Amino acid sequence: MQFLTLHEIAKRAKQNLDKNQWDYLIGGADTESALKRNRYSVDSWVFRPRILNEVSGVSANTELLGVPLRIPVVMPPIGSIQVFEEGGGESVARAAAEFGVLQILSSVCTPDFETLAERVPGPRIYQLYLVGDEAWMDDIIERSIAAGYTGFCLTVDTQVYSRRERDIIKRHVPASGREVGVADFGYQSKMTWETVEHIKSKFDIPLVIKGVNVAEDARRCVEMGVDVVYVSNHGGRQLDHTRGCIDALPEVVEAVEGRAPVLVDGGFMRGADVVKALCLGASAVGMGRLQALAMAAGGEAAVAQMLGLVEHEIITTMALAGVAGLDGLNRGLLEKADPIVPTHVLSAFPHLEEEGY
Ligand SMILES: Cc1cc2nc3c(=O)[nH]c(=O)nc-3n(C[C@H](O)[C@H](O)[C@H](O)COP(=O)(O)O)c2cc1C
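Residues numbered from 1 in each chain as written. Predicted model: local features only at pLDDT ≥ 70, side-chain atom pairs only at ≥ 80, totals over all residues. Heavy atoms only, no water.

Turning to the layout of surface pockets, a few remarks are in order. Sizing a probe to match a water molecule and rolling it over the atoms shows the empty space that remains. By volume, the largest pocket is sized at about 390 Å³. Together, 20 residues line the largest pocket, and Val 156, Gln 159, Trp 193, Gly 211 and Asp 217 are the ones closest to its centre. Looking at the lining of the largest pocket, the elements that each hand over two or more residues are helix H9 (193-202), strand E8 (207-212) and helix H10 (215-223). Each residue belonging to the lining of the largest pocket can be placed in one class, and the counts come to 10 nonpolar, eight polar and two charged. (1 Å grid on protein atoms, 1.4 Å probe; cavity = no way out; pocket = protein on both sides within 12 Å on 5 of 7 lines; lining within 4 Å. Points joined across faces, edges and corners; volume = space filled by probe spheres on them. Helix = DSSP H or I, 4+ residues; strand = E, 2+ residues; numbered from the N terminus. Nonpolar A, V, L, I, M, F, W, Y, C, P; charged D, E, K, R; others polar.)

Now the structure itself:
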């Protein structure tokens, strides 16, 4: 199947998944306000395009942690991604490697991090949920270094598991039991700044902290030597009623003062959305549900096509905004405006609604 628009990928995903799988992919926590607000916030930045600049050779090539990225996009960790296509993390790994973006592998999906490293050599980042004590964590970090991982990611917005009411109402237990794989959240909930200090003092692997929302925490991260600050509210799946992540981005970028790359995710579904985050100072953007939708639409091949379409949209957006390279993107190209359509998790694809999806 050849997808010519991201809309077609979302539509095929919906057709391929049953209700439980769909709700797991698309849902959020509690009232799902944070989930909707992510999209609302992305939609509430509009372009102030510049004219008469040569844009004949627009490039969106960049790098993260020394790894070349064909576009400033990362594939964020998705637990139980094998639910959407049986290849799981391996399908994403192959598509990401072939296309040229960085995958962050979740510790709660298959295949496991060591098997995957053997089958599809990196670069790749490993995201770990703590389900053991410090010695257990240290062992996993050592093994991820030995397996050749480029970076290690701690997700810090999931110290307890949220209430995902779509699942609870149906009495549905997601494939991994929970996204973290166990009901007992003991070790995640004990994680503190000392955990960060411990990892930085003991291990020589770039550390990504995923789930930063405010300037104070971002500043503390860089002061402790964190290598990548990742702004995220877990796609609206953890704490409800947070700001849209793109609105948290400027204060984090300001606090980091260029001392570390800043990633952001939450509601980014289109190439133009990525460009907006870059204008506000992000180094790259995570596209979580879009990755999952592509997996559900057609596994590795669809993820590769999705990345190609996002690239096309990024380059078209940059050219039409009058910018030939990533270094030309800045805050002056954007301003705030009210969204003109009611926003929700899939409102980036308006034709879905017209077609009754
Ligand atoms: C189905 C699903 C599973 C996820 N599993 C994980 C996970 O295992 N670890 C993690 O750090 N984040 C996880 N996330 C959050 C994503 O990494 C990312 O932060 C989020 O999807 C970004 O928002 P977006 O979906 O609007 O792009 C998951 C998200 C989804 C949609």
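Anyway, onward from the coordinates.
On to the pairing of strand E10 (residues 262-265). Side-chain alternation along E10 places Val 262 and Val 264 on one buried face and Leu 263 and Asp 265 on a second face that is also buried. Note that strand E9 (residues 228-231) and E10 share three bridges and pair parallel. Within the sheet, the bridge partner assigned to Val 231 lies in E10 and is Val 264. As a crossover connection, the stretch from E9 through helix H11 (residues 245-256) into E10 is right-handed. Bridge analysis of E10 against strand E11 (residues 284-286) gives three bridges, and the strand direction is parallel. Bridging from a neighbouring strand, Asp 265 pairs with Gly 286 of E11. Taken together, E10, helix H12 (residues 271-279) and E11 constitute a β-α-β crossover, and its handedness is right-handed. (Buried < 20%, exposed > 50% of the residue type's maximum accessible area, 1.4 Å probe, protein only. Pairing = 2+ DSSP bridges. Right-handed = clockwise from strand over helix to strand, strands pointing away.)

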